[in-house]
Amino acid sequence: MAAVQISELRKHVGETVTLRGWVVTTRSSGKIAFLVLRDGTGSVQGVLSRKEVSEATWAAFGALTQEASVAMTGTVRDDPRSPGGVELSVTALEPLGASPDYPISPKEHGTTFLFEHRHLWLRTGRQAAIARVRHEVEQAIRDYFYQEGFTLVDTPILTGAIGEEAGNLFATDYFDLGKAYLAQTGQLYVEAAAAALGKVYCFGPTFRAEKSKTRRHLTEFWMVEPEVAFNDSDANMRLQESFVSYIVARVLERRKSELAELERDTAPLERVTAPFPRISYTDAVARLNQLGSDITWGRDLGGDDETLLAREYDRPVFVHDYPKEVKAFYMKRNPADPRTVLNNDCLAPEGYGEIIGGSQREDEHDTLLARIVEQGLDPEAYRWYLDLRKYGTFVHSGFGLGIERTVAWIAGLPHIREAIAFPRQIHRLYP
Ligand code: NSS
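Small disclaimer: the values here were computed from a predicted structure and weren't measured. (Residues numbered from 1 in each chain as written. Predicted model: local features only at pLDDT ≥ 70, side-chain atom pairs only at ≥ 80, totals over all residues. Heavy atoms only, no water.)

### Focus: the environment of Leu-413
Stage number 1. As for its placement among the helices and strands, Leu-413 is situated in the segment after α13 (403-411).
Stage number 2. In this structure Leu-413 comes out as buried when scored by relative accessible area, which is 0%.
Stage number 3. Residues Leu-413 and Ile-355 lie 58 residues apart in sequence; the distance between their C-alpha atoms is 14 Å.
Stage number 4. Those residues in contact with Leu-413, other than ones at most four positions away along the chain, are Arg-126, Ile-130, Tyr-352, Ala-408, Glu-418 and Ala-419. (Helix = DSSP H or I, 4+ residues; strand = E, 2+ residues; numbered from the N terminus. Buried < 20%, exposed > 50% of the residue type's maximum accessible area, 1.4 Å probe, protein only. Contact = heavy atoms within 4.5 Å.)

Okay, here's the thing in structure tokens:
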């Protein structure tokens, strides 16, 4: 007798099969009993008739509770009324693992309780749907860059130079060499790789000791960072809109049932096609003032400003050329307005805010060195990075897309902590 997966059951109508999985629900009239089983690939209802099964199987059914693991054997029957189109006439049950007092019941639980039980909460339909959307997003990212001729370069997590800003670093002792920092970004390393390979990207976990508790911040998050030799800021934005539209289209095409499970309105996602509108930071500040924000030129956009501005558009929007003071040291100064740099953020619609930060990089040695010194960074730690401007400097650009923010937006989640299996936040290290 073949052990099969629930997703394959339609191919086995009329056969007797064994399924292994976990109990979702049970109910019994005394004569007929029902058991919904899930195995990670789907769920199916098993029906037992007291007259037709052994005493042992009937007793095994009676002992089953929510999330107990069990092997269920029976004949696959066509059943057009059930979700998977099939049902199982059960002939035998073999208990595998009991589940007394399972803590998560179908009733409502608070989010603190659910995150304490994240290891079990992952088993529910909604969480499984989020995991599959995330998986699709990550696969789409790899496929896009593969098709476009990018080379994946894995960058270090332990680093000797600060990648973004000194304020939110995780540091650890590193033998006789002083402090190592957990990578905030792989960018500086993919810049080196771009001079070797042209079009490259890195994709991995990044770390920021964010003291803010917002629905957009984690202390460990995944980021994908492409870097392209000879792309200027304009080409960089064109790459971003092509990339983001591809990811969204892939999820719409291949994860319909998951988006339905999440009750995601897909109409706003269908509109995500290139080109995306662009607005300069300076124009954005003026527009925000008209909309009632008190932002002044020179300050970074806050989460509320992003939401307010993004609401003006029906698809993601680029805000470009920010004041250099609020941005990282490596961004190329804007020759047309030296108060600003050649960068952009990409803001997602529906209140999700920034999903991408990108820029053209400063490629002039002395200007970059001056920026490093100005920001109080140690030029010695950046000697190798400055070398890239000494030996064949080149116009180049890239960006970083945050996976959890992107998944939260596409899946329609209220908070990014649900977009990763085991979130890390300032007050959460368990489970
Ligand atoms: O700081 S970024 O804006 N830019 C960089 O790290 C560049 N080094 C990327 C590059 O040009 N190669 O972060 C990029 C994105 C940002 O838009 C968010 O989507 C995400 O990374 N991000 C975060 N997600 C979750 N939690 C936190 N704390 C977080 N910080 C950034």
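### Quick word on the sheet that holds strand β9 (residues 179-182)
Stage number 1. Pairing within the open sheet is antiparallel, and its 3 strands lie in the order β7-β9-β8. Looking at which strands have only one partner, the edges of the open sheet turn out to be β7 (158-159) and β8 (171-173).
Stage number 2. With 2 bridges connecting them, β7 and β9 associate as antiparallel partners. Paired with Leu-158 across the two strands is Leu-182, which belongs to β9. (Pairing = 2+ DSSP bridges.)

### Concerning the sheet that holds strand β16 (residues 396-402)
Stage number 1. Reading across from one edge, β6-β10-β11-β16-β15-β14-β13-β12 is the order of the 8 strands in this open sheet, with mixed pairing throughout. Strand pairing shows two members of the sheet lacking a second neighbour, β6 (151-152) and β12 (278-280), which therefore form its edges.
Stage number 2. With 4 bridges connecting them, strand β13 (residues 317-320) and strand β14 (residues 343-348) associate as antiparallel partners. Residue pairing across strands places His-320 opposite Asn-344, the latter belonging to β14.

### Looking at the site of the ligand
Stage number 1. Around the ligand, a shell composed of 23 residues is seen, among which Glu-164, Gln-187, Arg-208, Glu-225 and Glu-354 lie nearest.
Stage number 2. Thr-185 is positioned with one of its side-chain polar atoms (N or O) 3.0 Å from a nitrogen atom of the ligand.
Stage number 3. Across the complex, the protein chains shield 93% of the 630 Å² of accessible surface that the ligand would expose by itself.
Stage number 4. In this structure, the ligand is accommodated by the largest pocket.
Stage number 5. Listed by contribution, the elements that provide at least two residues to the shell around the ligand are β11 (220-229), β15 (353-360) and β16. (Near = heavy atom within 4 Å. Polar contact = N/O pair within 3.5 Å; in protein donor to acceptor, adjacent residues only side chain to side chain. Areas by Shrake-Rupley, 256 points an atom, 1.4 Å probe, with all protein chains shown as cover. 1 Å grid on protein atoms, 1.4 Å probe; cavity = no way out; pocket = protein on both sides within 12 Å on 5 of 7 lines; lining within 4 Å. Sits in = over half its atoms within 2 Å of the grid points.)

### Digging into the packing of aromatic side chains
Stage number 1. Under the counting rule described, the total for this entry stands at 20 aromatic pairs.
Stage number 2. Lying over the aromatic face of Phe-34, Arg-27 brings its terminal NZ or CZ to 4.2 Å of the ring centre.
Stage number 3. Positioned above the aromatic ring of Trp-297 is the side chain of Arg-339, whose terminal nitrogen or guanidinium carbon lies 4.1 Å from the ring centre. (Phe/Tyr/Trp six-rings, centres within 6.5 Å; stacked < 30°, edge-to-face > 60°. Lys NZ or Arg CZ within 6 Å of the ring centre and 35° of its normal.)

### Some points on the environment of Thr-26
Stage number 1. On the secondary structure map, Thr-26 appears in strand β1 (residues 16-28).
Stage number 2. Counting along the chain gives 20 residues from Thr-26 to Gly-46, while the straight-line C-alpha distance between them is 9.5 Å.
Stage number 3. Not counting residues up to four positions away in its chain, the partners in contact with Thr-26 are Phe-34, Leu-35, Phe-61 and Leu-64.

### What to know about the pattern of salt bridges
Stage number 1. For the structure on display, the rule yields 32 salt bridges.
Stage number 2. A salt bridge links Asp-78 to Arg-10; the shortest N-O distance between them is 3.5 Å. Highlighted residues: Asp-78 in strand β4 (residues 69-78) and Arg-10 in the segment before β1, separated in sequence by 68 residues.
Stage number 3. Here Arg-10 falls in the partly exposed class, since its relative accessible area comes to 47%.
Stage number 4. Where Glu-374 meets Arg-371, a salt bridge forms, and the shortest distance between an N and an O atom there is 3.0 Å. One end of the pair, Glu-374, and the other, Arg-371, are both in helix α11 (residues 365-374), 3 residues apart, so they sit about a helical turn from each other.
Stage number 5. Residue classification places Arg-371 among the buried positions, given a relative accessible area of 9%.
Stage number 6. Where salt bridges share partners, they join Glu-136, Asp-143, Arg-250, Arg-255 and Glu-258 into one cluster. (Salt bridge = Lys/Arg side-chain N within 4 Å of Asp/Glu carboxyl O.)

### A look at a nonpolar patch on the surface
Stage number 1. Taken together, the side chains of Leu-158, Tyr-174, Phe-175 and Leu-177 make up a nonpolar region of the molecular surface, amounting to roughly 490 Å² of accessible area.
Stage number 2. Tracing the sequence through the fold places Leu-177 in the loop between β8 and β9. (Patch = residues over 30% accessible without salt bridge, like charges linked within 9 Å, V, L, I, M, F, W, Y side chains within 5 Å.)

### Topic: the state of the cysteines
Stage number 1. Taken as a whole and judged by the stated rule, the model has 0 disulfides.
Stage number 2. Looking at Cys-202, it has no disulfide partner, and the nearest cysteine sulfur is the one in Cys-346, 18 Å off. (Disulfide = S-S within 2.5 Å.)

### Quick word on the domain arrangement of the protein chain
Stage number 1. According to the domain assignment, the protein chain consists of domain 1 (6-97) and domain 2 (118-419).
Stage number 2. Using C-alpha coordinates to define each centre, domain 1 is positioned 47 Å away from domain 2. (Domains from an automatic or database assignment.)

### Let's talk about the pairing of β14
Note on strand geometry: in a regular strand, side chains alternate between the two faces of the sheet.
Stage number 1. Among the 6 residues of β14, 6 are classified as buried, and the element is accordingly described as predominantly covered.
Stage number 2. Neither face of β14 is open: one carries Asn-343, Asp-345 and Leu-347, the other Asn-344, Cys-346 and Ala-348, and all of them are buried.
Stage number 3. With 6 bridges connecting them, β14 and β15 associate as antiparallel partners. Bridged to Asn-344 within β15 is Gly-358.

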